[in-house]
Structure formats: structure tokens, C-alpha cells
Amino acid sequence: MLAPYACAPANSRGRLYPEAAPEHRSEYQRDRDRIVHSAAFRRLEYKTQVFINHEGDLFRTRLTHSLEVAQIARTVARSLALNEDLAEAIALAHDLGHTPFGHAGQDALNACMRPYGGFEHNAQSLRVVDDLEDKYAEFRGLNLTFETREGILKHCSLRRARQLGEVGQRFLKKRQPSLEAQLANVADEIAYNNHDVDDGLRARLLTVESLCEVPLFARHHADVLEHYSGLSPKQVRHETIRRMINALVSDLTQTTQARLRKLGPADVDAVRAQPAPLVGFSERMRAQSLELKGFLRDNLYRHHQVHRMMFKAKRVVHDLFSALSSDLRLLPPEFFDQAEAAGRGDGAAARARVVADYVAGMTDRYALDEHERLYQPRRLR
Ligand code: MG
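Owing to the predicted nature of the structure, the values given are computational and were not obtained by experimental measurement.

Colleague: I keep staring at the pattern of salt bridges and nothing clicks. Help me out?
Modeller: Close approach of charged atoms allows side chains of opposite charge to pair. Evaluation of the coordinates by the stated rule reveals 35 salt bridges. Here Glu19 ties to Arg34 by a salt bridge, and the two come within 2.8 Å at their closest N and O atoms. With Glu19 in the segment before helix 1 (27-36) and Arg34 in helix 1, the pair connects residues that are 15 residues apart, well separated along the chain. Glu19 gets classed as partly exposed once you look at its relative accessible area, which sits at 29%. Glu239 is paired through a salt bridge with Arg243; the nearest N and O atoms lie 2.6 Å apart.

Colleague: What is the right way to look at empty space enclosed by the protein in this model?
Modeller: To find leftover empty space, a probe the size of one water molecule is rolled over the atoms. Considering all chains together, one arrives at one cavity of 30 Å³ or more under this definition. Taken as a whole, the largest cavity encloses approximately 40 Å³ of empty space. Lining the largest cavity are Ile90, His94, Gly151, Ile152, Lys154, Ala184, Asn185 and Asp188. When contributions to the lining of the largest cavity are tallied by element, the ones reaching two or more residues are helix 7 (146-152) and helix 10 (179-202). For the lining of the largest cavity, the element with the highest residue contribution is helix 10, accounting for three residues. Considering only residue class, the lining of the largest cavity consists of three nonpolar, three polar and two charged.

Colleague: What exactly am I supposed to notice about the layout of surface pockets here?
Modeller: The computed volume of the largest pocket comes to approximately 780 Å³. Along the wall of the largest pocket there are 30 residues; nearest its centre are Gln49, Val50, His103, Ala104 and Tyr301. Counting only elements with at least two residues in the lining of the largest pocket, the list comes to helix 3 (62-79), helix 5 (102-112), helix 10, helix 15 (283-301) and helix 16 (304-326). Of the residues assigned to the lining of the largest pocket, the class counts are eight nonpolar, eleven polar and eleven charged. By volume, the second largest pocket amounts to about 570 Å³. Along its surface, the second largest pocket is lined by 28 residues, and Arg43, Leu132, Phe335, Asp357 and Gly361 are the ones closest to its centre.

Colleague: Please explain the coordination of the magnesium ion as it appears in this structure.
Modeller: At the metal site, the magnesium ion is ligated by His65 (NE2), His94 (NE2), Asp95 (OD) and Asp188 (OD), and these contacts range over 2.1 to 2.6 Å. Of note, the magnesium ion draws all its donor residues from one chain, in the sequence arrangement H-x28-H-D-x92-D. Of this pair, His65 sits in helix 3 while His94 sits in the loop between helix 4 (84-93) and helix 5, placing them 29 residues apart in sequence. The same class applies to His65 and to His94, which are both buried.

Colleague: Which parts of the structure should I look at to understand unusual backbone geometry?
Modeller: It is generally the case that most residues other than glycine have a negative phi and that most peptide bonds are trans. Phi at Ala81 takes a positive value of approximately 60°, unusual for a residue other than glycine. Counting through the fold element by element, Ala81 comes out in the loop between helix 3 and helix 4. Owing to a relative accessible area of 23%, Ala81 belongs among the partly exposed residues under this scheme. Located in the positive-phi region is Asn143, a residue other than glycine, with phi close to 50°. Take Asn143: it is sitting in the loop between helix 6 (121-132) and helix 7.

Colleague: Can you help me understand the domain arrangement of the protein in this one?
Modeller: It is common to give the size of an interface as the accessible area that goes away when the parts come together. Domain assignment breaks the protein into domain 1 (26-304) and domain 2 (306-375). Computed over C-alpha atoms only, the centres of domain 1 and domain 2 are separated by 27 Å. Counting each side, the surface lost to burial between domain 1 and domain 2 is near 2,600 Å², with a carbon and sulfur contribution of 69%. For domain 1, the biggest contributors to the area lost against domain 2 are Tyr46, Phe101 and Tyr116; these three give 23% of the whole.

Conventions and cut-offs
- Residues numbered from 1 in each chain as written.
- Predicted model: local features only at pLDDT ≥ 70, side-chain atom pairs only at ≥ 80, totals over all residues.
- Heavy atoms only, no water.
- Salt bridge = Lys/Arg side-chain N within 4 Å of Asp/Glu carboxyl O.
- Helix = DSSP H or I, 4+ residues; strand = E, 2+ residues; numbered from the N terminus.
- Buried < 20%, exposed > 50% of the residue type's maximum accessible area, 1.4 Å probe, protein only.
- 1 Å grid on protein atoms, 1.4 Å probe; cavity = no way out; pocket = protein on both sides within 12 Å on 5 of 7 lines; lining within 4 Å.
- Points joined across faces, edges and corners; volume = space filled by probe spheres on them.
- Nonpolar A, V, L, I, M, F, W, Y, C, P; charged D, E, K, R; others polar.
- Donors = N, O, S within 2.8 Å, 3.2 Å for Na, K, Ca; no water.
- Domains from an automatic or database assignment.
- Buried area = accessible area lost by both parts, 1.4 Å probe.

Laid out in C-alpha cells, this is it:
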């Protein structure tokens, strides 16, 4: 039972290479399945969210982060009668283009690629599903539907939007994506804010006392202590975080439902024509979510220990790019062949892009290993 403003597979703008409709699944289920079966999706297991993979086994990785985003997006999609399969597909694919070492890796790669058009992880996620996953007989990439691709491209520069065809148009025309895409975007924010609190506390980089400066945390923490006595710190942490997620999800669902009722968009095109996204929090919850985000920025992402690790991560990415682009024969043979072929046209930029694709595809541990192999003379291969 889909709402009129949900994305229905029957109204899909389709795939770049037309294919027969799937027999036992919807078009968006097929998208989700192709994403789950991709190599880029498996690599998410070994890519950093905040903590590098070797720092501990219990921290979120990009894979578990993406699963949490999908879970939140599906819950809200179902209660708003939006397309749950599409929201899930977008959520599972949204981080496929991330470099190793999270934002530090992307900043370093963007700096390396500055003379050649830069590097944006969102645009890279689209590049992964449109081009870099190359194992189907009939097309390059995963040949996903327009709606999934639209959702993956959360933001991008105007310059890049001009090169992306139909899927880039909304950035030029200042239009909105589907509600499912808007939802996956907010679900991402709910997931990372909350799991970063959890991981930050577990790593002892954050304290409960300091987090009580944040009203959203303080309120739910006090609620847990009021209802229970004798809980372990782990139980208090979990009970507080599950209440925060629940409060955010409930506010998001109710606020969005009220906006949709008031506006009553007739279809997806009416959603796309809106001046601003319709999926979102109330003013009050928006402010509280931003406060939490600001707290995490100042106390976790800029924490001395995280900062030192990110410094090292940036250097690894920079060194890898610089070695591989200065001598293409250091690349694995299949990437070398691509760089050679790409370089025949406009030369340097196309070759650099092949190196960036290779580096961006690396997992944290592969990047660290490759760095050692290239820079440690005692490593033989
Ligand atoms: Mg994310």
C-alpha cells in the first residue's frame, strides 16, 4: 500500500540499459540485491566510520553503519507508506564510494585530485554503481534504476552535476529528490550521531558527564536513571541511546507525516518540485540534533587521539596516490591497462582518475598494507 507520493516501480524512470522486469522481485528489490552482491558493498566491512578497523572489533564500520541506516530508513518508510525497498537500496548504497579512513581519506584524496577535478565521495558512490562494478555481461556498473541513483547522489558540485546527465539535473534546477532519498539522508544522520555516541563512550574518548551537556542525551539519560536502579554503565548507555534514536525517529515520522498531510503532493513530481525537502525533524528536534552533532565534532571527531589517527590516514592516502600516479607501473596490471587506455585522450586527468578509483576502492587494511609494500624496502612484494 504505497502513498501517491511514494516511488512506485511502475512509474520508474527506468535503467540506463533497458532490461526485462524481474519476475519475483520489484525493480527496487533488484537494485538492493545487486548492491548487496557487489564487491564495493563487501569492502564496507573493512572501511572506517570513525575508528580505523584495527582499533577494535566492536566499533562501527561502514558496513554496520549502512545496515543501521537501512534499518531506520525502512522503519520510517513503512510507517509513511513510502517505498521501503527503494529506501533500503539507497541506504545500503549511500557510502559505497567512501575512501579508506573515512573523511580523512576523502579529504586527502580530494586534495590529491584537485588539479584533475577533485574527489567527492557521493559522486564516487554513483561512479561505483554506474561504472566501476564491472561484472555483468550486458552493461557496465550495476545498471540501477534512476530513483536509486538519484538517492545515492545526495549532493554534488554544480560542475560535476553538469557532467552527470539526467541524475545531475536536480542540482542545476534546484529540485528535490524523492521522499525515499530524503529519508535515507536523514536516517544516515540519525544513525551516525547515535552510534558515534555509543562508539565514543566505548572507546572512552567521550564521558557520560560531558555528554550530559547535550540536552537530547541528558534528557534520556535522566529518564533511564529515574526508571531503573543498579544498571551497568553498558546498560545505561544502551538504554539512553535507544531512547534517543526512538525520539528522533518518532519526531521525524510525525513531522513528515504532518507536512505531507498539509501539502498533499499528488505524486513524486510534486515532491521534486518543492522548494525544500519534506522529510525532516520539527524545529525543536532539528536544533537538538544539531547540538549533538556539534558536540561530536568538537569532542570526538577532533579528539586528540582521533586527530592523530586521521593525520596518519591522510598521509597514507597521499603517499599512495603520489607513488601510483608518478609511476603507473606500480598499479596492478588491470588498473595500469585502464590508465594507459584512459591516458590516450585528455591525458593526465583521466590517468589520475584511474589512480583515484583504485585508491578509493581500498579498505583501511589494504591501504596500510599497500603503503608498507610500496615504502618499506624490506617488504619484498
Ligand atoms: Mg553514511
